[in-house]
Structure formats: C-alpha cells, structure tokens
Amino acid sequence: MTYRVAIIMQNTLEALGIKHVLEESFSMSCHVYRSLAQVPDVGSDVFDFYFTDSDNYVLHLDFFLPRKQKVILITALHSDEDVASICCFENESKIIDDINARIANIERNPIEHQEELSQREVDVLRLIASGLINKEIAENLGISINTVLTHRKNITAKLGIRSVSGLTFYAMMNGIIAPK
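Residues numbered from 1 in each chain as written. Predicted model: local features only at pLDDT ≥ 70, side-chain atom pairs only at ≥ 80, totals over all residues. Heavy atoms only, no water.

As for the overall build of the protein chain
- Within the protein chain, the regular secondary structure consists of eight helices and five strands.
- Ordered by position from the N terminus, the helices and strands of the protein chain form the series β-α-β-β-α-α-β-β-α-α-α-α-α.
- Put simply, the protein chain has 180 residues, and 39% of those count as buried.
- The contacts in the protein chain between residues at least 6 apart in sequence include a share of 54% that link residues at least 24 apart. (Helix = DSSP H or I, 4+ residues; strand = E, 2+ residues; numbered from the N terminus. Buried < 20%, exposed > 50% of the residue type's maximum accessible area, 1.4 Å probe, protein only. Contact = heavy atoms within 4.5 Å.)

Here it is, written out as structure tokens:
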C-alpha cells in the first residue's frame, strides 16, 4: 500500500528533506505545501498522514485536532512518547525508525477509543496544564488532595499519558487550554 502524505511546513528545504526521506524509505506519495490553504480538497481528508511543524499545528488546530492520530509533528526538541513527534536533529536512521514506529502504532490502533474524561477530570487536567501542583488544585476546586490524586490517576489511565508535559500538550490539542 502506498500512503498519501501531506507535508505542511513553511520551511521548504526542511519539507523537501522530509519528502526525500519518506519516499526513499517508505511506500509514500508525498505532497509538499507551505500552508494549509494550499492543500487541495482540505475538507475531504484524502491524506493518510500529515507531517507538519508545531507553528502550523497550533495555527490550524481546528483542522489537525480531528486528524490528530494521523499527524506527526516535526520538532526541534526531543519530546516524551506521549506526543507523536519526530526530532529533526536526529540522524537519518533514528528519524526513519521513529517514523516507522509512529506508522506501526497508527496501523495497530487505527481508531483510538479513549474513555471520555468527566467534567471534573477536565477541570483537574486544565489546572495541571496551567502548572498548578496537587495542593493548589485541591484548594482551587475545593476538594481534598486525595481526590485530586484519584482524578490524576483516572486521567492517566484513560489517556495513557503519564507526564505533565504530555498532559499539557493533550489539553492544548483538545482545546482544554488555549495555546500560549
């Protein structure tokens, strides 16, 4: 199977490098766009994967959020495994391995059915992503620290995300907090 890939990045040279790596290493037909506005039939979702940078991702959250399972961010920083991202400063074999792992994960889990968070869990997640510690969250919501810990445990179990940075990114990607 040949995957159809949209590479949406302002940096043309970086996008062409990604296109080269993808087409040489995988069965992919890649199309490079400098902005989402250039993508034809943007509403029809004709692509299997979207490679983009964090600037485009944040700028077009309304487009990428419903497709987040198909999106791979190209970043300048290493991130934890909770975020589908590839560090552009790695060597080529590491980048290929990381992309292969992302594709394999998407193929194994084509539609991820995460349990929905309760409203109280969303409230706790919003405060975690805002940088508050457990005691501050408890005071803010008028609940005990043990209740906060229980909500955190439930959030982690439902989302499969353990780190505060991963939870913050999840909250941003899902509109729970606004990107800064």
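Alright, that's what it looks like, and here's the rest.
Things to note about helix α6 (residues 134-141)
- Those residues of α6 lying buried are Ile137, Ala138 and Leu141. In an axial view of α6, the angular spread of the buried residues amounts to 100 degrees, which keeps them on one side of the axis. Facing away from the buried side of α6 by over 90 degrees, the exposed positions are Glu139 and Asn140.
- The inward-facing, buried residues of α6 abut α5 (119-129) and α7 (145-159). (Arc of directions from axis to C-beta.)

Things to note about the sheet that holds strand β2 (residues 28-33)
- Ordered in space as β2-β1-β3-β4-β5, the five strands form an open sheet in which the pairing is parallel. Each edge of the open sheet is held by one strand with a lone partner, namely β2 and β5 (85-87). Put simply, the sheet's adjacent strands are angled 20 degrees from each other on average, direction ignored.
- Direction of pairing for strand β1 (residues 3-8) relative to strand β3 (residues 49-53): parallel, over a ladder of four bridges. From the neighbouring strand, Ile8 faces β3, where its bridge partner is Thr52.
- Set on the sheet, helix α1 (residues 12-25) makes contact with β1, β2, β3 and β4 (71-75); between it and β2 the angle comes to about 175 degrees. (Pairing = 2+ DSSP bridges. Axes fitted to C-alpha atoms, helices over the stretch in contact; angles between N-to-C directions.)

What about the pattern of salt bridges?
- Applying the stated rule across the entire model yields four salt bridges.
- The partner of Glu121 in a salt bridge is Lys158, and the shortest N-O contact between them spans 2.8 Å. Taken together, the residues span a long stretch of sequence, with Glu121 in helix α5 and Lys158 in helix α7 at a distance of 37 residues. By the burial criterion, Glu121 is buried, and Lys158 matches it.
- Two residues, Asp123 and Arg126, come together in a salt bridge whose shortest N-O distance is 3.4 Å. (Salt bridge = Lys/Arg side-chain N within 4 Å of Asp/Glu carboxyl O.)

Some details on the packing of aromatic side chains
- Counted under the stated rule, the structure contains eight aromatic pairs.
- The interplanar angle of 85 degrees and the centroid separation of 5.4 Å between the aromatic rings of Tyr50 and Phe63 together place this pair among those described as edge-to-face. With Tyr50 in strand β3 and Phe63 in helix α3 (residues 61-64), the pair connects residues that are 13 residues apart, well separated along the chain.
- Note on Tyr50: relative accessible area 1%, which makes it buried.
- For the pair Tyr57 and Phe64, a centre-to-centre distance of 5.4 Å together with 20 degrees between the ring planes defines the contact as stacked. (Phe/Tyr/Trp six-rings, centres within 6.5 Å; stacked < 30°, edge-to-face > 60°.)

Digging into the packing of α6 against α7
- Where α6 contacts α7, the axes come no closer than 8 Å and their chain directions differ by 105 degrees. By the angle between their axes, α6 is roughly perpendicular relative to α7. For the pair α6 and α7, contact is made by Asn134, Lys135, Ile137 and Ala138 and by Ile145, Val148, Leu149 and Arg152, respectively.
- Its residues placed into classes, the contact of α6 with α7 shows five nonpolar, one polar and two charged. (Parallel < 35°, antiparallel > 145°, perpendicular 65-115°, else oblique. Nonpolar A, V, L, I, M, F, W, Y, C, P; charged D, E, K, R; others polar.)

Describing the environment of Leu117
- Inspection of the secondary structure puts Leu117 in the loop between α4 (92-108) and α5.
- Aside from chain neighbours lying at most four places away, what touches Leu117 is Val122, Leu125, Ile155, Lys158 and Leu159.

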